Amino acid sequence: MKCLRNLIFMALLCVGFCPTAYAQFKAEVKTIEVGDVKLAYYIRGQGKPLIMINGFLSTMSLWDPALIEELATNYQLILFDNRGVGLSTDTKENNTTISQMADDVAGLIKNLGYEKVNILAWSMGARIGQQLLIRHPALVEKAILCSANPGGTHEDKTAQDTESKLNDPNVPEMEKISLVFTNDEQGKLAAKDCLARLKEAVAAGIIPDDFIVSKETSIRQTRARTTLWSSSNENFDALKNIKNPVLLADGRSDIIDLPKNSVIIANQIPYSWSAFLVGGHAFLFQSHKQFSDLVYAFLQ
């Protein structure tokens, strides 16, 4: 999310550094050609491959390091930047749509030599994940879609004031983060801890120093995520054809992609489960241990 991207810079200034034992891993960023772009990625962990598809204006570095640490004990994680984000390139023409980004993920899977992977997709990434399942089902074994949205007239829409705050550059960053985490004592503590972990992980080289997203990419992703996604029911209509096992997960207090959206999607996909954890839109960070246990149980 954009608020986390900006807040990392605040965290670098205001959160103290504490070295930890998990600093042994060093992220090695590579790039690979996928169609008309070069996607930046790094790999961590051992086991079955798990592609991590991040959300709106979020780079591969904006996964909570605590969550990544948990997941990497059981899976080989492939973390990457979507086109135009962070260290990945983009085209001169605006080809950014949810379906195009799903095709990018399919190309990444193939070009890295995987026949079939599991996917974990969050927020806008969960929209990309739906399209990946629809357009390239043979590449996916199981899918975890977090804070998902079905699009079109079937989506349970975000409140206008919430959407406006997310997109308004004049809204203070600490006010924005209250939208991603729950706006209570528990949520505020979770946000503070997450930012501290991000700062520590960057300093230790565990995650890349990769947080910059251009204004042009912001404009392109906003159009893809909102204008285009809300204008068609094609995604919703195609969900009923998905045969892959799918887990829909969300925070009980998510005010960005409301939990009802996960129920709507789960009711459309024949082989699906749903789970709701403590937290808001960033529930998988706020409840990272419980969520990683849920992921393990589902993928097993």
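About the thresholds
Residues numbered from 1 in each chain as written. Predicted model: local features only at pLDDT ≥ 70, side-chain atom pairs only at ≥ 80, totals over all residues. Heavy atoms only, no water. Helix = DSSP H or I, 4+ residues; strand = E, 2+ residues; numbered from the N terminus. Buried < 20%, exposed > 50% of the residue type's maximum accessible area, 1.4 Å probe, protein only. Contact = heavy atoms within 4.5 Å. Areas by Shrake-Rupley, 256 points an atom, 1.4 Å probe, with all protein chains shown as cover. Pairing = 2+ DSSP bridges. Axes fitted to C-alpha atoms, helices over the stretch in contact; angles between N-to-C directions. Expected span 1.5 Å × (residues − 1). Parallel < 35°, antiparallel > 145°, perpendicular 65-115°, else oblique. Left-handed = near helix turned anticlockwise from the far one by under 90°. Nonpolar A, V, L, I, M, F, W, Y, C, P; charged D, E, K, R; others polar.

**Student:** How should the overall build of the protein chain be read in this particular structure?
**Tutor:** Secondary structure summary: the protein chain contains 12 helices and 8 strands in total. Expressed as a percentage of the 300 residues in the protein chain, the buried residues total 58%. Excluding contacts between residues fewer than 6 apart, the proportion of contacts in the protein chain whose partners are at least 24 apart in sequence is 79%. On the protein chain, roughly 12,200 Å² of surface is accessible, and the fraction owed to carbon and sulfur atoms is 52%.

**Student:** I would appreciate a short explanation of the sheet that holds strand 4 (residues 75–80) in the present structure.
**Tutor:** Picture the strands of a sheet paired through backbone hydrogen bonds; they go either parallel or antiparallel. Taken together, the 8 strands give an open sheet; going across it, the order is 1-2-4-3-5-6-7-8, and neighbouring strands pair in mixed fashion. Edge positions in the sheet fall to strand 1 (30–34) and strand 8 (272–277), since each of these pairs with one other strand and no more. Strand-to-strand, the axes of this sheet are offset by a mean angle of 25°, without reference to chain direction. On the sheet, helix 10 (residues 260–268) packs against strand 7 (246–251) and strand 8 and is oriented at approximately 170° with respect to strand 7.

**Student:** Looking at this structure, how should I read the pairing of strand 1?
**Tutor:** The side chains of a regular strand alternate between both faces of the sheet. In this structure, strand 1 lies alongside strand 2 (residues 37–44), joined through 5 bridges in antiparallel fashion. Within the sheet, the bridge partner assigned to Thr 31 lies in strand 2 and is Ala 40. As consecutive antiparallel partners, strand 1 and strand 2 are separated by 2 residues, and within that stretch Gly 35 has a phi angle of approximately 60°, a positive value.

**Student:** Please clarify how helix 4 (residues 124–135) should be interpreted in this entry.
**Tutor:** Helical geometry: 3.6 residues make up each α-helical turn, so side chains three or four residues apart lie on a common side. With 12 residues, helix 4 ought to run about 16 Å at 1.5 Å a step, and its terminal C-alpha atoms sit 17 Å apart, in line with that. By the criterion of burial, helix 4 is predominantly enclosed, with 10 of the 12 residues buried.

**Student:** What am I meant to see in the environment of Pro 245 here?
**Tutor:** Following the sequence through the fold, Pro 245 ends up in the loop between helix 9 (234–238) and strand 7. Sequence-distant contacts of Pro 245, that is, excluding residues within four places in its chain, are made with Glu 141, Lys 142, Ala 143, Tyr 271, Trp 273 and Phe 298.

**Student:** What exactly am I supposed to notice about helix 3 (residues 98–111) here?
**Tutor:** Between its terminal C-alpha atoms helix 3 stretches 20 Å, which fits the 20 Å expected from 14 residues at 1.5 Å a residue. Inspection of helix 3 places Ile 98, Met 101, Ala 102, Asp 104, Val 105, Ala 106, Gly 107, Leu 108 and Ile 109 among the buried residues, and these make up the whole buried set. Immediately beyond the C-terminal end of helix 3, within one or two residues, lies Gly 113, with a positive phi of roughly 90°.

**Student:** Which parts of the structure should I look at to understand the packing of helix 3 against helix 4?
**Tutor:** The angle between the axes and the distance between the axes are what describe a pair of packed helices. One can describe the packing of helix 3 onto helix 4 by two numbers: an axis separation of 8 Å at closest approach and a directional angle of 70°. Taken together, the axes of helix 3 and helix 4 are roughly perpendicular relative to one another. Considering how the two elements wind past one another, helix 3 and helix 4 form a crossing that is right-handed. Mapping the contact onto sequence places Ile 98, Ser 99, Met 101, Ala 102, Asp 103, Val 105, Ala 106 and Ile 109 in helix 3 and Met 124, Arg 127, Ile 128, Gln 131, Leu 132 and Arg 135 in helix 4. Looking at the contact of helix 3 with helix 4, its residues break down into 9 nonpolar, 2 polar and 3 charged.

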